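Here is what each chain is made of, one letter per residue.
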Amino acid sequence: MLQLDNITFDYPDGTTALRNINLTLDAGKKIAIVGPNGSGKSTLMRQLNGILQPTSGTLSYKGQAVDYSRKGLQALRQSVGLVFQSAEDQLFATTVEEDIAFGPLNLGLDRADVKARIATVADALGIEALLARPIHALSGGQKMRVAIAGVLAMHPQLIVADEPLASLDMAIQQQVLNLFDALVQDGRTVIIVTHDLDQAYAWADEVIVLADGEVQQQGAPEAVFADQAILDLCGWEKPWVLAVSQQMGLTPAAKSRADLLARL
Amino acid sequence: MNVLDRIANQSRAVGYSPAHKVLFALGLLFVVIGFDKIPVSIAAFLIVTLFTVGWARVSAATWFKIMLAQSTFLGLSLIALLFTTTASQPADALWGVAMWPGWVGVTESGLWFLGELFLRSVAAVACLNFLAVTTPMHDLIRLAQRYKAPELLIDLILLTYRFIWSLYETLQSMRTAQQSRLGYSSFKVGLRSAAQLGARLFIRTYQRMDALNTSWEARLGGTSMPIWHTRTHQAAYSLLVTLAGMIVLAALI
């Protein structure tokens, strides 16, 4: 769906944040982007909907090179939704409902449509009761869910979320992951940028490892996390489910904690 | 401010038409200022208090605390007006000293004027307080949008309002962090910490602005905030009737 060819990005101060990135992000996939701090994850994320423009290389959406004119960006941003790491910094309306309405209204939808979308995403994220609340009266976890809702209400084909689960408790994390799974089953793509390797391993169909602004690996989590060279390069320990599976000689390796326990 | 907004959101009046509340508060404010009579000021204050406590169910203690705090400031600023200066000692002088080139002191008419001014200010402030404790900010912003206030003004109010909270939260958490590292253990250290906090807050505001801008763009934000309101409000005719009655009464007095 989204393709990056040889993308390099330099910040105005001359630092190269991304080097020759080649990636194909397919439809209907759960993708995790992992990488040490400062590896370029956030910069990469901002490339995906044209917030940052590559210094060289091409970004293509559905086979078409992205046009960085106002109109082209409009189309790209409608298709690629970004959820940023700090929920606080992406909510600017006064109430929850108004904030969720922001994107759909910018798409030019009529009121009935906007209302229906708000109701649907609020229900999916369990924030119906918060709709009339002012943003500043929300907890951190609630803010994150509102931020996700605001992006989902625009019905993007590809959702990129930066550490969306970090501020959520376990039950809500599961709720959000289930929601992501439903989106993927619907043929959309969900990309999570994360530091939680266990979660990346259990959830993703595909893992992209970024280090020093370069893609080190892209592939199935079982293969990527079994690669000792990658683990060493990033200073990581193997996801524990995979480690236990290997230790016990399970083939194929267990995918999740539940899967592992069932096979013991 | 935090407090006022919370009270407004919890008051029973939140479900009533913000337009009617604004009309009532501003109408009464103009009556108080326009008619400029002591009985009008007192009546206006009592009516506003009645509606705030009886109708909007804001606790009386909260209401009077807010009023007391503001009245203290008003009172303090009136001290200077206590003194009258004239060329020679007036007939209704209560206390004073002859000072070249004239006379400075307190006169009876001066006291009356002061009392009148104080009551009028308190009544006027009460009218605006009524609005503050019964109408959340976002209702006021929406109202301004509905009545076609300039977009730029609305966006400014909106972002300022959102930013105040955002900054306030940042301020709180930074101060807590400083306190937990003994940043306010002595006066001198405290001053330094406060200065650092101020400088840091400035930078943080800038960064936050940048981040907000990015997410605004990512969700296709245009030149202004689109209008969205769904909360329906009940009409508050009691307010309008009272206002009309008050205007008639004030004209008669």
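Residues numbered from 1 in each chain as written. Chains lettered and ligands numbered in written order. Predicted model: local features only at pLDDT ≥ 70, side-chain atom pairs only at ≥ 80, totals over all residues.

## Let's talk about the overall build of chain B
Here's step 1: Scanning chain B from terminus to terminus reveals 9 helices and 3 strands.
Here's step 2: Starting at the N terminus, the α and β elements of chain B follow one another as α-α-α-α-β-β-β-α-α-α-α-α.
Here's step 3: The C-alpha radius of gyration computed for chain B amounts to 24 Å, which surpasses the reference 18 Å derived for 253 residues by more than 25%, pointing to a less compact arrangement than a globule.
Here's step 4: The principal-axis extents of the C-alpha atoms in chain B amount to approximately 75 × 55 × 35 Å.
Here's step 5: The 253 residues of chain B split such that 26% are buried. (Helix = DSSP H or I, 4+ residues; strand = E, 2+ residues; numbered from the N terminus. Rg over C-alpha atoms; globule rule 2.2 N^0.38 Å. Buried ≥ 20, exposed ≤ 12 C-beta atoms within 10 Å, placed from the backbone.)

## Observations concerning the sheet that holds strand β4 (residues 56-61) of chain A
Residue and element names in this part refer to chain A.
Here's step 1: The 4 strands are arranged β2-β1-β4-β5 in an open sheet whose pairing can be described as antiparallel. Each edge of the sheet is formed by a strand with only one pairing partner; in this case those strands are β2 (16-25) and β5 (64-65).
Here's step 2: Judged from the 6 bridges that link them, strand β1 (residues 2-10) and β2 form a sheet pairing that is antiparallel. Residue pairing across strands places L4 opposite L23, the latter belonging to β2. (Pairing = 2+ DSSP bridges.)

## A short note on the nonpolar core
Here's step 1: Among the nonpolar cores identified, the biggest contains 87 residues, and A32, I33, I148, A149, I159, V160 and I191 of chain A are the most heavily contacted of them.
Here's step 2: By residue number, the principal contributor to this core is helix α5 (residues 140-152) of chain A, which donates 7 residues.
Here's step 3: Within the second largest apolar cluster, 35 residues are counted, among which are Y16, V40, F51 and C127 of chain B. (Core = buried A, V, L, I, M, F, W, Y, C linked by C-beta atoms within 7 Å.)

## Observations concerning the domain arrangement of chain B
By a frequent convention, interface size equals the accessible area lost on bringing the separate parts together.
Here's step 1: On domain assignment, one finds that chain B holds domain 1 (2-135 + 232-252) and domain 2 (150-218).
Here's step 2: The C-alpha centroid of domain 2 of chain B is placed 34 Å from the C-alpha centroid of domain 1 of chain B. (Domains from an automatic or database assignment.)

## Focus: unusual backbone geometry
Here's step 1: In this structure, P252 of chain A follows T251 of chain A across a cis peptide bond, with omega equal to -10°.
Here's step 2: You can see P252 of chain A is positioned in the loop between α10 (240-247) and α11 (257-263).
Here's step 3: Even without being glycine, H155 of chain A reaches a positive phi, approximately 50°.
Here's step 4: Examined against the element boundaries, H155 of chain A turns out to sit in the loop between α5 and β7 (158-162).
Here's step 5: Its identity is not glycine, yet L220 of chain B carries a phi of approximately 65°, on the positive side.
Here's step 6: Its location among the elements puts L220 of chain B in the loop between α8 (187-218) and α9 (237-252).

## A word on the confidence of the model for chain B
Here's step 1: Within chain B, residue pLDDT values average 87, and 99% of them lie at 70 or more.
Here's step 2: Predicted as a complex, the structure gets a pTM of 0.78 and an ipTM equal to 0.76. (pLDDT = per-residue confidence, 0-100.)

## Overview of the interface of chain B and chain A
Here's step 1: The interface is formed by 28 residues belonging to chain B together with 31 residues belonging to chain A.
Here's step 2: The class makeup of the residues in the side of chain B that touches chain A is 15 nonpolar, 8 polar and 5 charged. (Contact = placed C-beta atoms within 7 Å. Nonpolar A, V, L, I, M, F, W, Y, C, P; charged D, E, K, R; others polar.)

## Some thoughts on the environment of I66 of chain B
All names here are of chain B.
Here's step 1: Relative to the elements of secondary structure, I66 occurs in helix α4 (residues 60-78).
Here's step 2: Given 20 C-beta atoms within 10 Å, I66 falls into the buried group.
Here's step 3: Each C-alpha atom, one on I66 and one on A126, is 9.2 Å from the other, the two residues being 60 residues apart in sequence.

## Looking at the sheet that holds strand β1 (residues 84-86) of chain B
Residues and elements named next belong to chain B.
Here's step 1: Strand order in the open sheet made by the 3 strands is β1-β3-β2, with antiparallel pairing throughout. Of all strands in the sheet, those bounded by a partner on one side alone are β1 and β2 (93-99). Each strand axis lies, on average, 25° off the axis of its neighbour in the sheet, ignoring direction.
Here's step 2: Note: β2 against strand β3 (residues 102-107), 6 bridges, orientation antiparallel. Looking at β3, one finds that G96 is bridged to G105. (Axes fitted to C-alpha atoms, helices over the stretch in contact; angles between N-to-C directions.)

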